[in-house]
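# Residue-level structure breakdown
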Amino acid sequence: MVAMTIITIIAIAFSVASFLYYHNQDNDDLKTDDTIITLVDDTGFVLNLNSYPERIVSLAPSNTEIMFAIGAGEKVVGVTDYCDYPYNFTEWVEAGNMSSIGGSYNPATEPIIALEPDLILAFGGPGGSLDAIDKLRNLGYNVLTLDPKDANGVLKDIVMVGRATGYDAQAASLATDLQHRIEIVVNELEQATSTPKVYCEVWSDPLMSVGPKSWINSLITLAGGQNILENATNTYYPTVSSEEIVENNPEVMVFLPQGGQHFWGTFDDVAERPGWNTINAVANGRMYVTPEGIVEICGPRTVDALEVLAKIIHPEIFGEYTGP
C-alpha cells in the first residue's frame, strides 16, 4: 500500500510538473515581438529567445551531460574543468576542440564572455554559479539556470534544455525513457517490506553527509531507503559527528568517491572508526561504493544512480550490487 501510494504521488507530481512547465513556457504574455520561445528556468527567471543558440557554454557537469544526451553536444563551445562525461573533455581542450571556462563554482565571467555564447547553461545549486549568473545577465547574455531538486526535476530540465536548443523531440524521448525506468524501479519496490536506514558519506574529514535539501536525499527515498539525516536543519551537505552516525545506526552505508579517490580509505578503515564496528551496516558488511559522478551529478545518469541505489538498499528485490 505504501509503495503504491509513492508511485501514485510520483506519477501525479510528474504530470503536474510537466503541465505547469509547458503552460509557463507557452505563456504569450511573457513573449516579446521577436520571441520564438519563452522559457521559465528553475529559479523562475523568464528567458525569451529569438533564435536557437549555436554557441552554448555549460557551467556545470550536469548541464554538459544533458546537452550531449539529447544530441546537442555540437553546439557546446565551453565546459568546466569538472565536466568529464560522456567524454574526456580535458583531452578535447588540450587538442583545441573545446574551451574550458575553469571551475564551476562562481566562475570568472571573462573566459565565458570570450567564447561569445548565445546561451549559457548555469547551475543554481550548491557549488553553482549564482554570482556569475547575475553578472552575465546584467551584461545582456542569455542565461538559463538549472537547479533540479529531485528526479522529476531532472526530467523537466532535460525537456527545457531541449526546447531551448531546438532538440525538443530528442529531449522528450530521453525524458520519457528515463521516466519509464523510474517507474519500473518504483513498481518493483511495492514488494519491499522495510525501509532501511541509509548513511551516505560525501567526505570524511570532517564527516559530511547529505541533508534534506540535497537532491541525493530524494534519490535515497525514491530507491526505498530512509536517509538518517533527512531531518537535518536546512542544509544540503551537513557536517556530522561520528557519535551521531553511531547513534542513528544505519543499516546501509554508501560512499561517493571524489576525483577518483576513496577519501575514506578502505572499509576496514571505516570499521576502525571509534564505535563504528557496532553499526549494523558495518557489522553486516553493507558498505558500498557507487560509480563516481552518477549519484552526485543531477543529469541524465540520475536513473543509473536510482537503479544502483535500489540494488544497494533492496538486494532482496533487485539482486546484489557488485560494485562499480
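All right, on to the overall build of the chain then. From N to C terminus, the chain includes 13 helices and 13 strands. Scored against the burial criterion, the 324 residues of the chain give a buried share of 50%. Entry remark: accessible area of the chain is about 14600 Å², with carbon and sulfur atoms responsible for 51%.

Below, the discussion takes up the pattern of salt bridges. For the structure shown, the criterion picks out 8 salt bridges. Here Asp147 ties to Lys149 by a salt bridge, and the two come within 2.9 Å at their closest N and O atoms. The class for Lys149 is partly exposed, based on a relative accessible area of 46%. Several salt bridges share partner residues, and in doing so they unite Arg181, Asp304 and Glu307 into one network.

Okay, unusual backbone geometry next. Cis geometry marks the peptide bond from Tyr85 to Pro86, where omega comes out at 10°. Mapping Pro86 onto the fold places it in the loop between β4 (76–79) and α3 (89–94). The step from Asp205 to Pro206 runs through a cis peptide bond, and the omega angle for that step is 5°. Note that Pro206 resides in the loop between β9 (203–204) and β10 (207–208). Located in the positive-phi region is Asn106, a residue other than glycine, with phi close to 40°. Note that Asn106 resides in the loop between β5 (99–100) and α4 (109–114). Owing to a relative accessible area of 26%, Asn106 belongs among the partly exposed residues under this scheme. With phi around 50°, Asn249 is a residue other than glycine that occupies positive phi space. Structurally, the position occupied by Asn249 is in the loop between α9 (242–248) and β12 (252–255). By relative accessible area, Asn249 is classed as partly exposed at 22%.

Looking now at the sheet that holds strand β7 (residues 143–146). Here we have 5 strands laid out as an open sheet, ordered β5-β4-β3-β6-β7, and parallel in their pairing. The open sheet is flanked by β5 and β7, the only strands paired with a single partner. With 4 bridges joining them, strand β6 (residues 119–123) and β7 adopt parallel strand pairing. Bridge pairing in β7 links Ala122 to Thr145. Along the sheet, helix α2 (residues 61–69) makes contact with β3 (56–58), β4, β6 and β7, crossing β6 at roughly 130°. Across the face of the sheet, helix α5 (residues 130–138) comes into contact with β6 and β7 while running at roughly 160° to β7.

To continue, consider helix α8 (residues 215–222). Every α-helix carries 3.6 residues per turn, so stepping three or four residues along brings you back to the same face. The buried count for α8 comes to 6 of 8 residues, which makes it a mostly enclosed element. Listed in full, the buried residues belonging to α8 are Trp215, Ile216, Asn217, Leu219, Ile220 and Leu222. For α8, the side-chain oxygen to backbone nitrogen distance between the N-cap and Ile216 is 3.1 Å, and the N-cap itself is Ser214. Backbone geometry just downstream of α8 places Gly224 in the positive-phi region, at approximately 90°.

Another point: the layout of surface pockets. Approximately 1000 Å³ is the volume attributed to the largest pocket. Elements that contribute at least two residues to the lining of the largest pocket include exactly α2 and α3. A per-class count over the lining of the largest pocket returns 19 nonpolar, 11 polar and 8 charged.

Turning next to the packing of aromatic side chains. Going through the model one piece at a time under the given rule, you end up with 12 aromatic pairs. Centre to centre, the rings of Tyr199 and Trp276 are 5.9 Å apart; their planes meet at 80°, and the pair counts as edge-to-face. In this pair, Tyr199 sits in strand β8 (residues 197–201) while Trp276 sits in the loop between α10 (267–271) and α11 (280–283), placing the two residues 77 residues apart along the sequence. The two residues Tyr199 and Trp276 agree in class, both being buried. Centre to centre, the rings of Phe263 and Trp264 are 4.9 Å apart; their planes meet at 90°, and the pair counts as edge-to-face. The pair Phe263 / Trp264 is uniform in exposure class, with both members buried. Each member of the aromatic cluster is reached from another via a ring pair, and the members are Trp203, Phe255, Phe263, Trp264 and Phe267. Over the ring of Phe45 we find Arg137, and its NZ or CZ is 3.5 Å from the ring centre. Between Arg273 and the ring centre of Trp276, over which it is positioned, the NZ or CZ distance is 4.6 Å.

Looking now at the sheet that holds β12. One open sheet accounts for 4 strands, arranged β11-β8-β12-β13; its pairing is parallel. A strand with exactly one partner marks an edge of an open sheet, and here the two such strands are β11 (226–227) and β13 (287–289). Of the strand pairs in this sheet, β8 and β11 are connected by 2 bridges, and their pairing is parallel. Opposite Lys197, over in β11, you have Gln226 as the bridge partner.

The rules behind these values
Residue numbers run consecutively from 1 along every chain, following the written order of its sequence. The predicted origin of the model limits local features to residues at a pLDDT of at least 70 and limits the giving and counting of side-chain atom pairs to 80 or more, whereas totals for whole chains, interfaces and linings rest on all residues. By convention in this description, side-chain values take in all heavy atoms of the structure and omit both hydrogens and water. A helix here means a DSSP run of H or I that spans at least four residues, while a strand means a run of E at least two residues long, and both kinds are numbered starting from the N terminus. Partly exposed describes any residue whose relative accessible area lies between the buried limit of under 20% and the exposed limit of over 50%, with all areas from a 1.4 Å probe on protein chains only and scaled to the type maximum. To measure how exposed things are, a 1.4 Å probe is used in the Shrake-Rupley method; for residues, cover is taken only from the protein chains shown. Salt bridge, as used here, is a side-chain nitrogen of Lys or Arg placed within 4 Å of a carboxyl oxygen of Asp or Glu. Being paired, for any two strands, means DSSP has found at least two bridges between them. Contacts: residue pairs with any heavy atoms within 4.5 Å of one another. Think of each axis as a best-fit line through the C-alpha atoms, taken over the contacting stretch in the case of a helix, with angles from 0 to 180 degrees between the N-to-C directions. Polar contact criterion, stated in full: a pair of N or O atoms within 3.5 Å, where within protein one must be able to donate a hydrogen and the other to accept it, and residues adjacent in sequence count only if both atoms are side-chain atoms. Only protein atoms enter the 1 Å grid, on which a cavity is a set of points fitting a 1.4 Å probe that cannot get out and a pocket is an open set with protein on both sides within 12 Å along at least 5 of 7 lines, lining residues being those with an atom within 4 Å of a point. Grid points are joined across faces, edges and corners, and a volume is the space filled by probe spheres set on the points. Note that Gly is not counted as nonpolar here; it falls among the polar residues with everything else outside the nonpolar set of Ala, Val, Leu, Ile, Met, Phe, Trp, Tyr, Cys and Pro and the charged set of Asp, Glu, Lys and Arg. Working definition: rings of Phe, Tyr and Trp (its six-membered ring) pair if their centres are within 6.5 Å, and the pair is stacked with planes under 30 degrees apart, edge-to-face with planes over 60 apart, and tilted otherwise. Each ring is checked for a lysine NZ or an arginine CZ that lies within 6 Å of its centre and within 35 degrees of its normal; such an atom marks a charge sitting over the ring.

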